[in-house]
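This is what each chain is made of:
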Amino acid sequence: MILTANPKASYLSHKEEIDEAIRRVNESGWYILGPEVEAFEAEFANYIGVKHCIGVNNGTDAIRLAVQAGKPFGGGEGVTVSMSATATVSAIVEAGWQPIMVDINDDDYTMNVEQLDAALTMPGMFIVPVHLYGQAARMKEILRLAKEREAIVIEDCAQAHGAMIDGKRVGSFGDGAAFSFYPTKNLGALGDGGAVVTDDDEIAHRTRLARMYGWEQRYVSNVHGGNTRLDELQAAILRVKLRYLDQDNAKRIKIAKIYDEAFADLGIKLPPKGGVYHQYTIRCPKRDELKQKLSEKEIGAAILYPVPIHLQPAYTDNPPLHLPITEKFASELLCLPMYPELSEGEVNAVCEAVRESTKHL
């Protein structure tokens, strides 16, 4: 079976260095917020091109803390998209904000700027653009609107580690940004992990306080805070994998080009070009039939995401919000195997299986 994602393969490709990093932490006797976290935060901030990185427990907490730090006395509305992992909206709600969901563009599957314009009804709102599947959102237009409306921008970069816009990495455009290091991400840990990155000193300071009980002095909480820390083991693993991130993304892009050429004449919609291909997502009106045929040929395929957030029971309005492009996209999308460790033979097998399966739809 060729898996859709394979974090074990990522571990095995860097096994010696990762095992050495784990050994180093185990023997150090320092397991929480120590030198590995400090070093990773400096290295990742430098990679993204920002002043600050604050390691946290997961990507959901990263969004929540960034939103809370961006406007600490918040309450109000935050605009995002419905086509994302539930975590994006969940984090906004947990931060005490009311999510407003807008549609996506039909070509790049990121936030529709015209709908964002209409949704920004008052100063001081939040915008949480999602760089979906490794494809960068239209940040120049989003930032222009944010400036006009006095809105705060927190980028959701959970699927876009290393993606760039005009030579500048995503995560360095907004007031702050959130990353996830879930094992299947382009930069994945061997467990949960996340980070907030920012150039804003106050956002960084508030995030550092919030991730550990509001402490500036140990055991004394200056403000309310929780417990959401990136641990030393995951930081050490991420330090290894960060060194290979650009190389691994280049492999993803190479695989995507092979897929593009193989599927060009099949009558299915291919993903937008560019980005770092966290997922390689095609669109097919007979998606479920295609997925079943691929499964019979032992080719993994995933649906990310089958139910848009605005139609999920926890977040459904009454009457339900209608986002036509998002809803159509969710009914057609299919993610094919995409990770740097795919062999030439496996890539060719995926191409052959998709070509053969689409003939019989």
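What counts as what
- Positions within a chain are numbered from 1, following the residues in the order the chain's sequence is written.
- Local features in this predicted model are restricted to residues whose pLDDT is 70 or higher, and side-chain atom pairs enter the listing and the counts only when it is 80 or higher, whereas totals over whole chains, interfaces and linings include all residues.
- The basis for every side-chain value is the complete set of heavy atoms in the structure, and neither hydrogens nor water enter the calculation.
- When the centres of two rings from Phe, Tyr and Trp lie within 6.5 Å, Trp using its six-membered ring, the rings pair. Their planes under 30 degrees apart give stacked, over 60 give edge-to-face, and anything left gives tilted.
- Under the DSSP-based scheme used, a helix requires at least four consecutive residues in state H or I and a strand at least two consecutive residues in state E, with every element numbered from the N terminus.
- Only protein chains enter the accessibility calculation, which uses a 1.4 Å probe; a residue is then buried when its area is under 20% of its type maximum, exposed when over 50%, and partly exposed in between.
- Ring-over charges, as used throughout, are those where CZ of Arg or NZ of Lys falls within 6 Å of the ring centre and within 35 degrees of the ring normal.
- On a range of 0 to 100, pLDDT expresses the predictor's confidence in each residue.
- The contact criterion used throughout is that any non-hydrogen atoms of two residues lie within 4.5 Å.
- Being paired, for any two strands, means DSSP has found at least two bridges between them.
- Angular values range over 0 to 180 degrees, each being the angle between N-to-C directions of two axes fitted as lines to C-alpha atoms, with helices fitted over their stretch in contact.
- With the strands pointing away from the viewer, any crossover whose connection runs clockwise from the first strand over the helix to the second is right-handed.
- The criterion is simple. A nonpolar core is a set of buried Ala, Val, Leu, Ile, Met, Phe, Trp, Tyr and Cys residues joined through side-chain atoms within 4.5 Å.
- Here the angle decides the label: under 35 degrees means roughly parallel, over 145 means roughly antiparallel, 65 to 115 means roughly perpendicular, and every other value means oblique.
- In this scheme the handedness of a crossing depends on how the near helix is turned from the far one: anticlockwise by less than a right angle means left-handed, clockwise means right-handed.
- We call Asp, Glu, Lys and Arg charged. Ala, Val, Leu, Ile, Met, Phe, Trp, Tyr, Cys and Pro are nonpolar, and the rest, Gly among them, are polar.
- Salt-bridge detection follows one rule: a side-chain nitrogen of Lys or Arg within 4 Å of a carboxyl oxygen of Asp or Glu.

(A) Spotlight on the packing of aromatic side chains. Applying the stated criterion across every chain yields a total of 14 aromatic pairs. A ring pair is formed by Phe-44 and Phe-179, whose centres lie 5.0 Å apart and whose planes are at 85°; its orientation type is edge-to-face. Of the two residues, Phe-44 is situated in helix α3 (residues 35-48) and Phe-179 in strand β8 (residues 176-180); the sequence distance between them amounts to 135 residues. Phe-179 gets classed as buried once you look at its relative accessible area, which sits at 0%. A network of ring pairs unites the aromatic residues Phe-40, Phe-44, Tyr-47, Phe-179 and Phe-181 as a single cluster. Residue placement shows Lys-168 over the ring face of Phe-173; its charged tip is 4.8 Å from the ring centre.

(B) How the structure looks around unusual backbone geometry. The linkage connecting Leu-304 with the following residue, Tyr-305, adopts the cis geometry, with an omega of 20°. The phi dihedral of Tyr-219 falls on the positive side, at around 70°, and the residue is not glycine. Of note, the phi angle at Glu-298 is positive, near 65°, even though the residue is not glycine. In this structure, Glu-298 sits in the loop between α11 (287-296) and α12 (324-332). Judged by relative accessible area, which is 48%, Glu-298 ranks as partly exposed.

(C) Summary view of the confidence of the model for the protein chain. Confidence along the protein chain averages 97 in pLDDT terms, with 99% of residues attaining 70 or more. At the level of individual helices and strands, the protein chain shows its lowest average pLDDT in strand β10 (residues 215-217), which scores 91, and its highest in α3, which scores 99.

(D) Main features of helix α5 (residues 86-94). Within α5, burial applies to Thr-88, Val-89, Ser-90, Ala-91 and Ile-92. Check the buried side of α5 and you find it contacts α4 (59-70), β2 (76-81), β3 (97-102) and β5 (152-156).

(E) Structural detail: α12. Along α12, the residues classified as buried are Thr-326, Phe-329, Ala-330 and Glu-332. Against β12 (280-283), α11 and β13 (333-336) lie the buried residues of α12.

(F) Just the sheet that holds strand β4 (residues 126-127), in detail. Spatial ordering of the open sheet is given by β1-β9-β8-β5-β4-β2-β3, a layout of seven strands whose pairing is mixed. Of all the strands in the sheet, the pair left with one neighbour each is β1 (52-56) and β3. Each of β1, β8 and β9 (194-198) touches α3; the most contacted strand, β1, lies at about 130° to it. In this fold helix α8 (residues 201-211) packs onto β1 and β9, with an angle of close to 20° to the strand it touches most, β1.

(G) The pairing of β3, seen in detail. Inspection of the sheet shows β2 paired to β3 by six bridges, in the parallel sense. Of the residues in β3, the one forming a bridge with Thr-80 is Met-101. This β-α-β element, β2 to α5 to β3, shows right-handed connectivity.

(H) Just the nonpolar core, in detail. Ranked by size, the top nonpolar core spans 84 residues in total, and within it Phe-44, Tyr-259 and Phe-263 carry the most contacts. The residues touching Phe-263, leaving out its near neighbours within four places in the chain, are Ile-268, Leu-270, Tyr-280, Leu-336, Val-350, Cys-351 and Val-354. Ile-92, Phe-126, Ala-178 and Val-196 belong to the second-largest nonpolar core, a separate cluster that totals 19 residues.

(I) Representation of the packing of α4 against α5. One can describe the packing of α4 onto α5 by two numbers: an axis separation of 8 Å at closest approach and a directional angle of 40°. With respect to their mutual orientation, α4 and α5 come out oblique. The two elements α4 and α5 cross, and the hand of that crossing is right-handed. Between α4, through Thr-60, Ile-63, Arg-64 and Gln-68, and α5, the contact on the second element is made entirely by Ala-87, Thr-88, Ser-90, Ala-91 and Glu-94. Its residues assigned to classes, the contact of α4 with α5 shows three nonpolar, four polar and two charged.

(J) Region of interest: the environment of Thr-88. Mapped onto the secondary structure, Thr-88 falls in helix α5. Sequence separation of Thr-88 and Leu-311 is 223 residues, and the distance between their C-alpha atoms is 15 Å. Leave out the neighbours within four places in its chain, and Thr-88 touches Ile-63, Thr-80, Val-128, Val-130 and Asp-156.

(K) Summary view of the pattern of salt bridges. For the structure shown, the criterion picks out 27 salt bridges. Close ionic contact of Glu-41 with Arg-211 constitutes a salt bridge, the shortest N to O distance being 2.9 Å. Pair noted here: Glu-41 is in helix α3 and Arg-211 is in helix α8, with a separation of 170 residues, a long-range link. Taking the relative accessible area as the measure of exposure, Arg-211 reaches 8% and is therefore buried. Linking Glu-202 and Arg-206 is a salt bridge whose minimum nitrogen-to-oxygen distance equals 3.6 Å. Taken together, the residues Glu-202 and Arg-206, both in helix α8 and four residues apart, mark about one turn of the helix. What you see here is one network of salt bridges that share partners, running through Asp-106, Lys-269, Arg-283, Lys-328 and Glu-332.

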